[in-house]
Amino acid sequence: MTTPNGPFDAPVDSADPGMGRPIVALVMVFIVGIACVGLIYAVGEPIDPTTIVAADGSAQVDTEANAAGKTDTSKTPTHTTTPPAQAYVSPGGTNPFPNYGEPKAPPIPPTQLIDEQTFDAPPPQASTLPDPEGPVPWDEAHKYLDRVITVKGTIVDTNNIGNICFLNYDSDWHDKFYIAMFQEAFELLPDPPEEHYLNKTLLVTGKVTLHKDRPQIEVRDVSQIEVVD
(Lines give C-alpha, C1' and ligand atoms only; values in the text may rest on other atoms or scores of the structure.)
Protein backbone atom coordinates (compact mmCIF):
# COMPACT_ATOMS: atom_id res chain seq x y z
CA MET A 1 0.00 0.00 0.00
CA THR A 2 1.31 3.42 -0.94
CA THR A 3 2.03 5.84 1.90
CA PRO A 4 -0.18 8.96 2.40
CA ASN A 5 0.74 12.22 0.66
CA GLY A 6 -0.05 14.31 3.76
CA PRO A 7 -1.56 14.19 7.25
CA PHE A 8 -5.15 14.62 5.90
CA ASP A 9 -4.85 12.69 2.64
CA ALA A 10 -5.84 9.09 2.15
CA PRO A 11 -3.48 6.60 0.54
CA VAL A 12 -3.14 7.05 -3.20
CA ASP A 13 -4.64 3.65 -3.96
CA SER A 14 -7.47 4.03 -1.39
CA ALA A 15 -11.15 4.73 -2.22
CA ASP A 16 -11.39 7.09 0.81
CA PRO A 17 -11.08 10.75 -0.40
CA GLY A 18 -9.54 11.82 2.89
CA MET A 19 -10.23 15.00 4.94
CA GLY A 20 -7.91 17.44 3.17
CA ARG A 21 -10.27 18.81 0.51
CA PRO A 22 -13.32 19.43 2.75
CA ILE A 23 -11.18 21.33 5.29
CA VAL A 24 -9.62 23.45 2.57
CA ALA A 25 -13.10 24.25 1.17
CA LEU A 26 -14.38 25.33 4.59
CA VAL A 27 -11.35 27.56 5.12
CA MET A 28 -11.91 29.20 1.73
CA VAL A 29 -15.62 29.87 2.53
CA PHE A 30 -14.62 31.41 5.86
CA ILE A 31 -12.04 33.66 4.20
CA VAL A 32 -14.52 34.81 1.53
CA GLY A 33 -17.13 35.60 4.21
CA ILE A 34 -14.66 37.68 6.21
CA ALA A 35 -13.68 39.53 3.03
CA CYS A 36 -17.34 40.33 2.21
CA VAL A 37 -18.01 41.67 5.70
CA GLY A 38 -14.90 43.81 5.54
CA LEU A 39 -15.93 45.17 2.15
CA ILE A 40 -19.38 46.14 3.47
CA TYR A 41 -17.87 48.02 6.40
CA ALA A 42 -15.31 49.64 4.13
CA VAL A 43 -17.92 50.95 1.68
CA GLY A 44 -20.49 52.00 4.29
CA GLU A 45 -20.24 55.28 6.13
CA PRO A 46 -21.07 55.48 9.85
CA ILE A 47 -24.05 57.66 10.72
CA ASP A 48 -23.53 60.01 13.60
CA PRO A 49 -26.51 59.86 16.00
CA THR A 50 -26.61 63.65 16.22
CA THR A 51 -26.93 64.06 12.46
CA ILE A 52 -30.54 64.48 11.37
CA VAL A 53 -31.45 63.76 7.78
CA ALA A 54 -33.95 66.31 6.52
CA ALA A 55 -36.83 65.52 4.18
CA ASP A 56 -34.89 66.92 1.22
CA GLY A 57 -31.95 64.60 1.92
CA SER A 58 -29.62 67.21 3.46
CA ALA A 59 -27.88 66.58 6.76
CA GLN A 60 -28.54 68.72 9.81
CA VAL A 61 -26.68 68.68 13.11
CA ASP A 62 -28.57 68.29 16.38
CA THR A 63 -27.71 71.64 18.00
CA GLU A 64 -29.19 70.59 21.34
CA ALA A 65 -26.81 67.66 21.51
CA ASN A 66 -23.92 69.94 20.67
CA ALA A 67 -24.94 72.42 23.37
CA ALA A 68 -24.94 69.61 25.92
CA GLY A 69 -21.39 68.80 24.96
CA LYS A 70 -22.25 65.43 23.47
CA THR A 71 -20.53 66.02 20.17
CA ASP A 72 -18.10 68.29 18.40
CA THR A 73 -19.68 69.88 15.32
CA SER A 74 -16.29 70.45 13.77
CA LYS A 75 -15.77 66.69 13.66
CA THR A 76 -19.34 65.67 12.87
CA PRO A 77 -19.31 63.73 9.60
CA THR A 78 -21.73 64.95 6.97
CA HIS A 79 -24.23 62.34 5.97
CA THR A 80 -26.67 62.80 3.15
CA THR A 81 -29.17 60.45 1.61
CA THR A 82 -30.89 60.64 -1.73
CA PRO A 83 -34.63 61.10 -1.16
CA PRO A 84 -37.00 58.87 -3.13
CA ALA A 85 -38.29 60.19 -6.43
CA GLN A 86 -41.83 60.45 -5.08
CA ALA A 87 -41.68 60.42 -1.31
CA TYR A 88 -44.97 59.54 0.34
CA VAL A 89 -46.29 62.32 2.53
CA SER A 90 -49.33 61.91 4.73
CA PRO A 91 -52.24 64.41 4.62
CA GLY A 92 -50.70 66.06 7.69
CA GLY A 93 -47.56 66.94 5.70
CA THR A 94 -45.25 64.45 7.44
CA ASN A 95 -43.71 61.15 6.47
CA PRO A 96 -45.52 58.17 8.06
CA PHE A 97 -42.14 56.41 8.21
CA PRO A 98 -39.90 59.21 9.53
CA ASN A 99 -36.14 59.09 9.62
CA TYR A 100 -34.20 59.70 12.80
CA GLY A 101 -35.17 63.06 14.27
CA GLU A 102 -38.16 63.70 11.99
CA PRO A 103 -41.55 64.32 13.58
CA LYS A 104 -44.00 61.46 13.48
CA ALA A 105 -47.16 61.81 11.45
CA PRO A 106 -50.22 62.40 13.62
CA PRO A 107 -53.03 59.85 13.27
CA ILE A 108 -55.62 60.68 10.64
CA PRO A 109 -58.89 61.57 12.37
CA PRO A 110 -61.93 59.45 11.48
CA THR A 111 -64.25 60.81 8.83
CA GLN A 112 -68.00 60.74 9.33
CA LEU A 113 -69.52 59.57 6.07
CA ILE A 114 -73.10 60.58 6.88
CA ASP A 115 -74.56 63.18 9.19
CA GLU A 116 -76.09 62.27 12.52
CA GLN A 117 -79.60 63.01 11.34
CA THR A 118 -79.30 60.51 8.50
CA PHE A 119 -77.62 57.95 10.76
CA ASP A 120 -80.38 58.19 13.40
CA ALA A 121 -83.21 58.28 10.88
CA PRO A 122 -85.55 55.27 11.03
CA PRO A 123 -85.44 52.83 8.12
CA PRO A 124 -87.86 53.55 5.28
CA GLN A 125 -91.27 51.99 5.79
CA ALA A 126 -93.59 50.39 3.26
CA SER A 127 -96.10 52.74 1.74
CA THR A 128 -99.55 52.99 3.30
CA LEU A 129 -101.04 54.96 0.41
CA PRO A 130 -104.11 53.53 -1.29
CA ASP A 131 -103.65 51.77 -4.60
CA PRO A 132 -103.21 54.30 -7.40
CA GLU A 133 -106.05 54.54 -9.92
CA GLY A 134 -103.68 54.57 -12.86
CA PRO A 135 -100.00 54.89 -13.79
CA VAL A 136 -97.88 56.79 -11.28
CA PRO A 137 -95.56 59.56 -12.55
CA TRP A 138 -91.96 58.42 -12.22
CA ASP A 139 -91.04 61.23 -9.79
CA GLU A 140 -93.73 60.01 -7.37
CA ALA A 141 -92.86 56.32 -7.54
CA HIS A 142 -90.71 56.54 -4.40
CA LYS A 143 -93.86 57.13 -2.36
CA TYR A 144 -95.01 53.55 -3.08
CA LEU A 145 -92.16 51.63 -1.47
CA ASP A 146 -92.73 47.85 -1.43
CA ARG A 147 -95.84 48.23 -3.60
CA VAL A 148 -96.43 46.84 -7.09
CA ILE A 149 -97.38 49.75 -9.32
CA THR A 150 -97.14 50.92 -12.92
CA VAL A 151 -94.82 53.87 -13.48
CA LYS A 152 -95.03 56.23 -16.44
CA GLY A 153 -92.19 58.41 -17.72
CA THR A 154 -89.78 59.14 -20.56
CA ILE A 155 -86.30 57.60 -20.50
CA VAL A 156 -83.69 60.31 -21.14
CA ASP A 157 -80.51 58.51 -20.02
CA THR A 158 -79.34 54.87 -20.21
CA ASN A 159 -76.33 52.90 -19.06
CA ASN A 160 -75.71 49.26 -20.01
CA ILE A 161 -73.02 47.58 -17.86
CA GLY A 162 -73.43 44.13 -19.43
CA ASN A 163 -75.74 42.21 -17.12
CA ILE A 164 -77.92 45.19 -16.18
CA CYS A 165 -79.16 48.18 -18.17
CA PHE A 166 -80.15 51.24 -16.15
CA LEU A 167 -83.00 53.32 -17.54
CA ASN A 168 -83.10 56.82 -16.02
CA TYR A 169 -85.83 59.42 -16.16
CA ASP A 170 -83.44 62.30 -15.45
CA SER A 171 -79.94 63.04 -16.73
CA ASP A 172 -79.05 63.97 -13.16
CA TRP A 173 -80.07 60.52 -11.93
CA HIS A 174 -78.41 60.59 -8.50
CA ASP A 175 -80.88 59.72 -5.70
CA LYS A 176 -83.75 59.48 -8.19
CA PHE A 177 -86.06 56.67 -9.27
CA TYR A 178 -84.82 54.42 -12.08
CA ILE A 179 -85.44 51.10 -13.84
CA ALA A 180 -82.95 48.23 -13.52
CA MET A 181 -83.45 45.90 -16.49
CA PHE A 182 -81.62 42.59 -16.22
CA GLN A 183 -79.96 40.66 -19.02
CA GLU A 184 -82.53 37.86 -19.12
CA ALA A 185 -85.11 40.48 -20.05
CA PHE A 186 -83.27 42.61 -22.61
CA GLU A 187 -81.74 39.63 -24.44
CA LEU A 188 -85.15 39.21 -26.11
CA LEU A 189 -85.09 42.73 -27.58
CA PRO A 190 -84.27 43.26 -31.28
CA ASP A 191 -81.62 45.88 -30.41
CA PRO A 192 -79.67 46.92 -27.28
CA PRO A 193 -81.91 48.24 -24.49
CA GLU A 194 -79.87 51.45 -24.11
CA GLU A 195 -80.95 52.28 -27.68
CA HIS A 196 -84.34 50.57 -27.73
CA TYR A 197 -85.80 52.57 -24.83
CA LEU A 198 -83.92 55.86 -25.08
CA ASN A 199 -86.24 58.86 -25.50
CA LYS A 200 -89.28 56.56 -25.27
CA THR A 201 -92.21 56.96 -22.89
CA LEU A 202 -92.69 53.71 -20.97
CA LEU A 203 -95.20 52.05 -18.71
CA VAL A 204 -93.17 49.87 -16.32
CA THR A 205 -94.89 47.54 -13.87
CA GLY A 206 -93.13 46.10 -10.86
CA LYS A 207 -92.39 46.37 -7.15
CA VAL A 208 -90.76 49.55 -5.92
CA THR A 209 -87.68 48.70 -3.83
CA LEU A 210 -84.61 50.49 -2.53
CA HIS A 211 -81.07 49.82 -3.71
CA LYS A 212 -78.40 51.88 -1.97
CA ASP A 213 -81.14 54.29 -0.86
CA ARG A 214 -82.36 54.79 -4.43
CA PRO A 215 -85.91 53.75 -5.42
CA GLN A 216 -86.10 51.37 -8.34
CA ILE A 217 -88.13 48.74 -10.16
CA GLU A 218 -86.33 45.61 -11.27
CA VAL A 219 -87.34 44.28 -14.68
CA ARG A 220 -86.59 40.60 -15.27
CA ASP A 221 -89.27 40.02 -17.90
CA VAL A 222 -89.60 42.18 -20.98
CA SER A 223 -93.40 42.02 -20.64
CA GLN A 224 -93.09 44.36 -17.63
CA ILE A 225 -92.34 47.24 -20.03
CA GLU A 226 -94.80 48.73 -22.49
CA VAL A 227 -93.69 51.44 -24.91
CA VAL A 228 -96.35 54.16 -25.08
CA ASP A 229 -94.65 56.70 -27.32
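Cut-offs and rules
- Residues numbered from 1 in each chain as written.
- Predicted model: local features only at pLDDT ≥ 70, side-chain atom pairs only at ≥ 80, totals over all residues.
- Heavy atoms only, no water.
- Helix = DSSP H or I, 4+ residues; strand = E, 2+ residues; numbered from the N terminus.
- Buried < 20%, exposed > 50% of the residue type's maximum accessible area, 1.4 Å probe, protein only.
- Contact = heavy atoms within 4.5 Å.
- Areas by Shrake-Rupley, 256 points an atom, 1.4 Å probe, with all protein chains shown as cover.
- Polar contact = N/O pair within 3.5 Å; in protein donor to acceptor, adjacent residues only side chain to side chain.
- Phe/Tyr/Trp six-rings, centres within 6.5 Å; stacked < 30°, edge-to-face > 60°.
- Lys NZ or Arg CZ within 6 Å of the ring centre and 35° of its normal.
- Salt bridge = Lys/Arg side-chain N within 4 Å of Asp/Glu carboxyl O.
- Pairing = 2+ DSSP bridges.

A. Highlighting the overall build of the protein. In terms of helices and strands, the protein carries 5 helices and 10 strands. Within the span of the protein, comprising 229 residues, buried residues form 27% of the whole. Counting contacts in the protein only where the partners sit at least 6 residues apart, residues at least 24 apart contribute 46% of the total. Accessible area for the protein stands at about 16,400 Å²; split by element, carbon and sulfur atoms hold 58% of it.

B. Structural detail: the side chain of Q216. Here Q216 shows up in strand β9 (residues 214-219). Relative accessible area serves as the criterion here: at 4%, Q216 is assigned to the buried category. Within the structure, the side chain of Q216 is placed 2.8 Å from the side chain of Y178, a separation counted as a polar contact. In this structure, Q216 is in contact with F177, Y178, A180, K207, V208, T209 and H211, ignoring residues within four places of it in sequence.

C. Summary view of the packing of aromatic side chains. Taken as a whole and assessed by the stated rule, the structure comprises 3 aromatic pairs. Between W138 and Y169 the ring centres are 5.4 Å apart and the planes differ by 10 degrees, which places this aromatic pair in the stacked class. Of this pair, W138 sits in the loop between β3 (136-137) and β4 (148-154) while Y169 sits in the loop between β6 (164-168) and β7 (178-182); the two residues are 31 residues apart in sequence, bridging distant segments of the chain. Arranged with centres 5.8 Å apart and planes meeting at 25 degrees, the rings of Y169 and F177 form a pair that is stacked. A cation over a ring is seen here: R220 above F182, with NZ or CZ 3.7 Å from the ring centre.

D. Quick look at the pattern of salt bridges. Counted by the stated rule, this structure contains 4 salt bridges. Here D131 makes a salt bridge to R147, at a shortest N to O gap of 2.5 Å. Note that D131 is positioned in the loop between α3 (116-120) and β3 and R147 in the loop between β3 and β4, a separation of 16 residues in sequence. Between D170 and K176 there is a salt bridge, with the nearest N and O atoms lying 3.0 Å from each other. For D170, a relative accessible area of 23% puts it in the partly exposed group. When salt bridges with common partners are traced through the structure, they connect E184, E218 and R220 into a single cluster.

E. Examining the side chain of N168 more closely. Relative to the helices and strands, N168 is located in strand β6. Relative accessible area serves as the criterion here: at 4%, N168 is assigned to the buried category.

F. Highlighting unusual backbone geometry. At D175, a position not held by glycine, the phi torsion is positive, near 65 degrees. We classify D175 as exposed; its relative accessible area is 64%.

G. Expanded view of the environment of L202. Examined against the element boundaries, L202 turns out to sit in strand β8 (residues 201-211). Along the primary structure L202 and I225 are separated by 23 residues, whereas in three dimensions their C-alpha atoms are 6.5 Å apart. With sequence-adjacent residues up to four places away left out, L202 is seen in contact with V151, K152, G153, I155, L167, Y197, I225, E226, V227 and V228.

H. Just the pairing of β6, in detail. Most of β6 sits inside the fold, with 4 of its 5 residues counted as buried. Bridge analysis of strand β5 (residues 157-160) against β6 gives 4 bridges, and the strand direction is antiparallel. Each bridged residue has a counterpart across the sheet, and for N160 the counterpart in β6 is C165. Hairpin geometry of β5 and β6 is characterised by an intervening segment of 3 residues between the two adjacent antiparallel strands and by a positive phi of about 115 degrees at G162. Judged from the 5 bridges that link them, β6 and β7 form a sheet pairing that is antiparallel.

Geometric values such as these leave the question of function open.
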